[in-house]
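Results of the structural survey
For reference, the chains in residue letters:
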Amino acid sequence: MLVNALNSISQWAIPLLLLIIPIYGFIKKVPVYEKFVEGAEEGFHTAVRIIPFLVGMMVAISVFRASGAMQVLADLIKPVTDLIGAPAEIVPLAVMRPLSGSGVLGMATELMRVYGPDSFIGRLASVMQGTTDTTFFVLTVYFGSVGITRYRYSVLIGLSADITGFLAALFLCHHVFG
Amino acid sequence: MLNLIWLVLLTSGIIVAAWHGNIEVVTEAALKAAHDAVEVCMNLVGIMALWLGIMKIAESGGLIKALARLLRPLMIRLFPSVPPHHPAMGAIILNLSANVLGLGNAATPFGMKAMQGLQELNPHPGVASDAMCTFLALNTSCITLLPATIIGVRASFNSVNPTEIVGPCILATAASMTVGVTLDYLFRRRNRQRRE
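Topic: the overall build of chain B
In terms of regular secondary structure, chain B is built from 9 helices and 0 strands. When the helices and strands of chain B are read in sequence order from the N terminus, they spell out α-α-α-α-α-α-α-α-α. Here the C-alpha coordinates of chain B stretch approximately 60 × 50 × 35 Å along the principal axes. Burial status across chain B gives 51% buried among its 196 residues. Within chain B, contacts between residues at least 6 apart in sequence are counted, and of these 57% link residues at least 24 apart. Approximately 9200 Å² of chain B is accessible, and the part contributed by carbon and sulfur atoms is 66%. Both charge centroids of chain B, one from 14 positive and one from 10 negative side chains, sit 16 Å from each other.

The following block contains the structure:
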């Protein structure tokens, strides 16, 4: 019931925004098409401006992942994750979570293919996929769009939130799905 | 900090690849990622143009200001360094709302617009401001009511109940958001005390 409602919100949100905002603008005597083009032009410049930042970050993350260095890191933290009752299969996913959104989705899909979506691992992978955003992608794109290279404590906060999300997902899956 | 993280990611990758005797993966991964990064941005061009165009109409009509006024009591507590009437406030609200509704492709353009607004207020242009850090703490740990992609994946593998993970997702995100916002508050307070 709730999910159906949420589903229809997701489906209707964009068409409704595209309908209501231009009509609202017209009523308020905004030259709607001219203003649209004016805003769209800004969007174009912003998207191009983030290219160098994203190239730098995606290359480093991709090399880190493809070389097996990420697996080495996952093996290194395994004693800690064993201690808190996280399945070994999940650890690489936790390491990947802040680095690559498409990577996490790929790994979560693979875990569900192997273990099934209703297994503990499948459920935990699902919750981890649906929790928190890809920290490094967000920071790179958002800061990159205004040319900021010194992120101060943002990385630390993002990673702390990711670790919390992982621990909470583990705890909740143990208690909700047993 | 970021310089170090970037350096470690890249060099440790190359060293591990060399250690495992498959150095050729480095070249392939690096070139492919460089190509993919541009593709991500190119995909963003159209989406950004569309949403920032629509946002401009809403802004010109005064809709964004009205929205910001509605949430002002909350926003001035989260962003004390941003004037309550500043356009960045409206963009931040739009970005977070789009995130909550799971409209990822609308969230990014609104988010960049918010960053541009915050950058206008930033006294040190190359360095992240307090308000930017708060905004990104909220953004990276933001709740999505319906994680549509993963529900789709679960359904495609014939899950008995593909949406059973929605509740745990929301609770886990709430936990990470609480930690993010609390840490941000503590960092801000510490910095303020240092300055005084």
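Quick word on the pattern of salt bridges
In this structure the tally under the stated criterion is 12 salt bridges over all chains. The closest approach of N and O atoms between Lys 78 of chain A and Asp 82 of chain A, which form a salt bridge, is 3.0 Å. Highlighted residues: Lys 78 of chain A and Asp 82 of chain A, both in helix α4 (residues 69-83), separated by 4 residues, approximately one helical turn. Classification of Asp 82 of chain A as partly exposed rests on a relative accessible area of 40%. With its nearest N and O atoms 2.8 Å apart, the salt bridge here joins Asp 130 of chain B to Arg 152 of chain A. One end of the pair, Asp 130 of chain B, is in helix α7 (residues 130-140); the other, Arg 152 of chain A, is in the loop between α8 (135-144) and α9 (154-176), on a second chain. Taken together, the salt bridges that share partners define one network made up of Lys 35, Glu 38 and Glu 42 of chain A together with Lys 56 and Lys 113 of chain B.

Quick notes on the confidence of the model for chain A
When pLDDT is averaged along chain A, the result is 90, and 96% of the positions lie at 70 or above. Per-element confidence in chain A ranges from a low mean pLDDT of 81 for helix α1 (residues 2-27) of chain A to a high of 94 for α9 of chain A.

With respect to a nonpolar patch on the surface
Residue and element names in this part refer to chain A. On the surface, a nonpolar cluster with roughly 770 Å² of combined accessible area is contributed by Trp 12, Leu 16, Leu 19, Ile 20, Ile 23, Phe 26 and Ile 27. If you trace the backbone, Leu 16 turns up in helix α1. By relative accessible area, Leu 16 is classed as partly exposed at 35%.

Some remarks on the packing of aromatic side chains
Considering all chains together, one arrives at 4 aromatic pairs over all chains under this definition. Note on Tyr 142 of chain A and Phe 135 of chain B: the rings are 6.0 Å apart at their centroids and 35° apart in plane angle, and the pair reads as tilted. Of the two residues, Tyr 142 of chain A sits in helix α8 while Phe 135 of chain B sits in helix α7, which places them in two different chains. Residue classification places Phe 135 of chain B among the buried residues on the basis of a relative accessible area of 0%. The interplanar angle of 35° and the centroid separation of 4.5 Å between the aromatic rings of Phe 143 of chain A and Tyr 151 of chain A together place this pair among those described as tilted. Side by side, Phe 143 of chain A and Tyr 151 of chain A carry an identical accessibility label, which is buried.

Notes on the packing of α7 of chain B against helix α9 (residues 166-195) of chain B
Residue and element names in this part refer to chain B. Close contact between α7 and α9 brings their axes to 9 Å; oriented N to C, the two are set at 170°. With respect to α9, the axis of α7 lies roughly antiparallel. Where α7 crosses over α9, the handedness of that crossing is right-handed. Residue-level inspection shows Asp 130, Cys 133, Thr 134, Ala 137 and Leu 138 of α7 in contact with α9, the latter providing Met 177, Gly 180, Val 181, Asp 184, Arg 188 and Arg 195.

Conventions we followed
- Along each chain, residues carry numbers from 1 onward, in the same order as the chain's sequence is written.
- By the order in which they are written, chains take letters starting at A while ligands take numbers starting at 1.
- Per-residue local features are limited, in this predicted model, to residues with pLDDT of at least 70; the limit for side-chain atom pairs, both in listing and counting, is 80 or more; totals at the level of whole chains, interfaces and linings are taken over all residues.
- Excluding hydrogens and water, the side-chain values take into account all heavy atoms of the structure.
- Helix and strand definitions here come from DSSP, where helices need a minimum of 4 consecutive H or I residues and strands a minimum of 2 consecutive E residues; each element is numbered from the N-terminal end.
- Three labels apply to residues, based on accessible area from a 1.4 Å probe with only protein chains included: buried if under 20% of the type maximum, exposed if over 50%, partly exposed otherwise in between.
- For this analysis, residues touch if any pair of their heavy atoms sits within 4.5 Å.
- Shrake-Rupley sampling with a 1.4 Å probe provides the accessible areas, and residues are treated as covered by the protein chains on show and by no other component.
- Counting rule applied: Lys, Arg positive; Asp, Glu negative; His and chain ends not counted.
- Every charge is mapped to an atom, namely NZ of Lys, CZ of Arg, CG of Asp or CD of Glu.
- Salt bridges are identified by distance alone: a Lys or Arg side-chain nitrogen within 4 Å of an Asp or Glu carboxyl oxygen.
- Per-residue confidence from the predictor is given as pLDDT, running between 0 and 100.
- Patch membership requires over 30% relative accessible area and the absence of a salt bridge. Like charges are linked within 9 Å, and nonpolar side chains (Val, Leu, Ile, Met, Phe, Trp, Tyr) within 5 Å.
- Geometry of aromatic contacts follows a simple scheme: Phe, Tyr and Trp rings, the Trp one being its six-membered ring, pair when their centres are within 6.5 Å, and the pair is stacked under 30 degrees between planes, edge-to-face over 60, tilted otherwise.
- Lines fitted to C-alpha atoms define the axes, with helix axes restricted to the stretch in contact, and inter-axis angles between N-to-C directions lie between 0 and 180 degrees.
- When describing relative orientation, an angle under 35 degrees is termed roughly parallel and one over 145 degrees roughly antiparallel, while 65 to 115 degrees is termed roughly perpendicular and anything else oblique.
- In this scheme, a crossing is called left-handed if the near helix is turned counterclockwise away from the far one by less than a right angle; it is called right-handed if the turn is clockwise.

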